[in-house]
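Inside the fold
Spelled out, the chains give:
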Amino acid sequence: MIRKRTFLFATSIMLTMLMILMAGCTEKSSSPTESTETESTSSEDEEAAYPIVIEHAFGETEIPSKPERVATVQWGNHDVALALGVVPVGFSAANFGVQDDSGLLPWTVEQLEELGETDPNVFHDTDGLDFEAVSDAEPDVILAAYSGITEEEYDLLSQIAPVVAYPTAPWGTTWREQVTMNAAGMGVEEEGEELIEDIEGMVNEKLNDYPQIEGKQVVWVNFSADDLSKLHIYTPADSRVAFLHEMGMVYPEAVTDQITDPDSYSLNLSAENAEALYDADILIGYGDDDLYEALKDDPLLGEIPAIERGSVAFIESDTPLVAAGTPNPLSISYTIDEYLELIGGAIDKVNE
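Reading the values: rules and limits
Residues numbered from 1 in each chain as written. Predicted model: local features only at pLDDT ≥ 70, side-chain atom pairs only at ≥ 80, totals over all residues. Heavy atoms only, no water. Core = buried A, V, L, I, M, F, W, Y, C linked by side-chain atoms within 4.5 Å. Buried < 20%, exposed > 50% of the residue type's maximum accessible area, 1.4 Å probe, protein only. Helix = DSSP H or I, 4+ residues; strand = E, 2+ residues; numbered from the N terminus. Pairing = 2+ DSSP bridges. Contact = heavy atoms within 4.5 Å. Axes fitted to C-alpha atoms, helices over the stretch in contact; angles between N-to-C directions. Phe/Tyr/Trp six-rings, centres within 6.5 Å; stacked < 30°, edge-to-face > 60°. Lys NZ or Arg CZ within 6 Å of the ring centre and 35° of its normal. Salt bridge = Lys/Arg side-chain N within 4 Å of Asp/Glu carboxyl O. Expected span 1.5 Å × (residues − 1). Bend = angle between axes of the 7 residues up to and from the residue. Polar contact = N/O pair within 3.5 Å; in protein donor to acceptor, adjacent residues only side chain to side chain.

**Some points on the nonpolar core**
- By size, the foremost hydrophobic cluster in this structure holds 89 residues, and its most contacted members are W220, F223, M247, L277, L283, L301 and I343.
- It is helix α13 (residues 329-348) that provides the largest number of residues to this core, a total of eight residues.
- Core analysis: the second largest hydrophobic core is formed by 18 residues, F58, A133, A144 and I149 among them.

Below, the structure written as structure tokens:
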């Protein structure tokens, strides 16, 4: 009797242990299934969001599914893709500010290295779009949110893949719009929003060291030492000026009153209208010390107060900073310290 009870007791213990082991195995085996179901649901949700339609200056572009192969053309769009962790299957070479024959600016090189890309496919198309090279890259989407492509070029590119063109006017896309539109074209809108927030936070933190910038009147004007009779001004529609406004600077009314086309990124004036620049606290433009000396000696331009007092921030050509004037997430991060130091130094001369 004792043996029988002992046997039953032992059997009961063994059955209990077996049930515990089976329960544990069931729990463990359920995890991959749950993970697979979650991934499947996520993938289904993502596909359900397509096709998506992006509006731009040439109409609408429909993207049927999330692109796997992203190509970009013209200026800076590849930097947006790279900032979002995607190496384009092909992108246009930078055509100024590059100090070697690579077609790559330093912040682009840095990000490519971080993403493990050592041999990017660069379109050497600075004299015109290389449609054959773009086609050979076999993209699912072509990003051109910051560009100056014509409608004819847009139509030709659209025969290769859906194209994300600029929102309203050529070369007038702000860095935020570049991120928003290109991220939408890549199917990573949320990541684009996060990137914008990160850049905004970084810029605002840097600006804390330059309180003198806030509220100053600025004009981005380009002079040519070969012909000082003309002024070339970038308008608030230009991304360079939009970034200055973001820093807290404003354009004088004497300049904005001259603008007849709000979508145009530039304005040409004669030196006889130089008084339009008189209210500017600082002038920013492309140039060097030799150009500045020529301006000081000019009977008309030398009368501009900013030139008289030296509150001029000239960006020398063929330097990375000259290319960063048209900002994107990578260029802003790479050059913001140098840029703010240049602008802050010019403003410091206003009250000297």
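**Side note on the sheet that holds strand β6 (residues 141-143)**
- Judged by pairing direction, the sheet is parallel, and its three strands sit side by side in the order β3-β6-β7 without closing on themselves. Every other strand in the sheet has two partners, leaving β3 (70-72) and β7 (163-164) as the edge strands with one partner each.
- Here β6 runs beside β7; their pairing, made up of two bridges, is parallel. Within β7, the position partnered with I142 by the bridge is V163.
- Sheet contacts for helix α6 (residues 175-186): β3, β6 and β7; angle to β6, the most-contacted strand, approximately 170 degrees.

**Things to note about the sheet that holds strand β10 (residues 266-270)**
- Spatial strand order, β10-β9-β8-β11-β12: five strands in an open sheet with mixed pairing. Since the sheet does not close on itself, it has two edges, and those belong to β10 and β12 (312-315), each with one partner. When strand polarity is set aside, the average angle formed by the axes of neighbouring strands in this sheet is 30 degrees.
- With five bridges connecting them, strand β9 (residues 227-234) and β10 associate as antiparallel partners. Each residue of the ladder has a partner; that of K230, found in β10, is S270.

**Observations concerning the packing of aromatic side chains**
- Inspection of every chain in the model, using the stated rule, returns eight aromatic pairs.
- Between the aromatic rings of F243 and Y339, the centroid separation amounts to 6.4 Å while the plane-to-plane angle is 15 degrees, which identifies the pairing as stacked. Placement of F243 in helix α8 (residues 239-246) and of Y339 in helix α13 is noted, with a sequence separation of 96 residues between them.
- With a relative accessible area of 4%, Y339 lands in the buried category.
- The ring of Y234 has R240 sitting right over it, with the charged end atom 3.7 Å from the ring centre.

**Notes on the pattern of salt bridges**
- In the structure shown here, the tally under the stated rule is five salt bridges.
- Of the charged contacts, one joins D238 and R240 as a salt bridge, the two residues approaching to 2.7 Å between their closest N and O atoms.
- Taking relative accessible area as the criterion, D238 reaches 0% and is therefore assigned buried.
- What you see here is one network of salt bridges that share partners, running through R176, E200 and E246.

**As for the pairing of strand β8 (residues 218-224)**
- Summarising burial for β8: six of the seven residues are buried, a large majority.
- Relative to strand β11 (residues 282-286), β8 runs parallel, the two being bridged by three bridges. Bridged to W220 within β11 is I284.
- Pairing analysis gives three bridges linking β8 to β9, with the strands arranged antiparallel. From the neighbouring strand, V221 faces β9, where its bridge partner is I233.
- Counting the residues between successive antiparallel strands, the hairpin from β8 to β9 contains two residues.

**Overview of the pairing of strand β2 (residues 59-63)**
- Across five bridges, the pairing between strand β1 (residues 52-56) and β2 is antiparallel. When the sheet's bridge partners are listed, E55 is paired in β2 with E60.
- Counted along the chain from β1 to the antiparallel partner β2, the turn is two residues long.

**Here we look at the environment of A323**
- Residue placement: A323 occurs in helix α12 (residues 320-324).
- In sequence terms A323 and W75 are 248 residues apart; their C-alpha atoms lie 9.7 Å from each other.

**Considering unusual backbone geometry**
- A cis amide bond links Y50 with the next residue in sequence, P51, at an omega value of 5 degrees.
- Residue Q74 is not a glycine yet carries a positive backbone phi of 60 degrees.

**Examining α13**
- The first and last C-alpha atoms of α13 sit 27 Å apart over 20 residues, in line with the 28 Å expected at 1.5 Å per residue.
- Residue T335 marks the point of greatest curvature in α13, where the axis turns by about 60 degrees.
- Of all the residues in α13, the buried ones are P329, L330, S331, I332, T335, I336, Y339, L340, I343, G344, A346 and I347.

**Focus: the side chain of Q74**
- Within the secondary structure, Q74 is located in the loop between β3 and α2 (77-83).
- In terms of polar contacts, Q74 uses its side chain to reach the backbone amide nitrogen of G148, at 2.6 Å.
- Of the polar contacts made by the side chain of Q74, one reaches the backbone nitrogen of I149; its length is 3.5 Å.
- Setting aside residues no more than four positions away along its own chain, Q74 makes contact with S92, L129, Y146, S147, G148, I149 and W171.

**Quick notes on the environment of E189**
- Locating E189 in the fold gives a position in helix α7 (residues 189-207).
- In this structure E189 touches A183 and A184, once residues within four positions along its chain are discounted.

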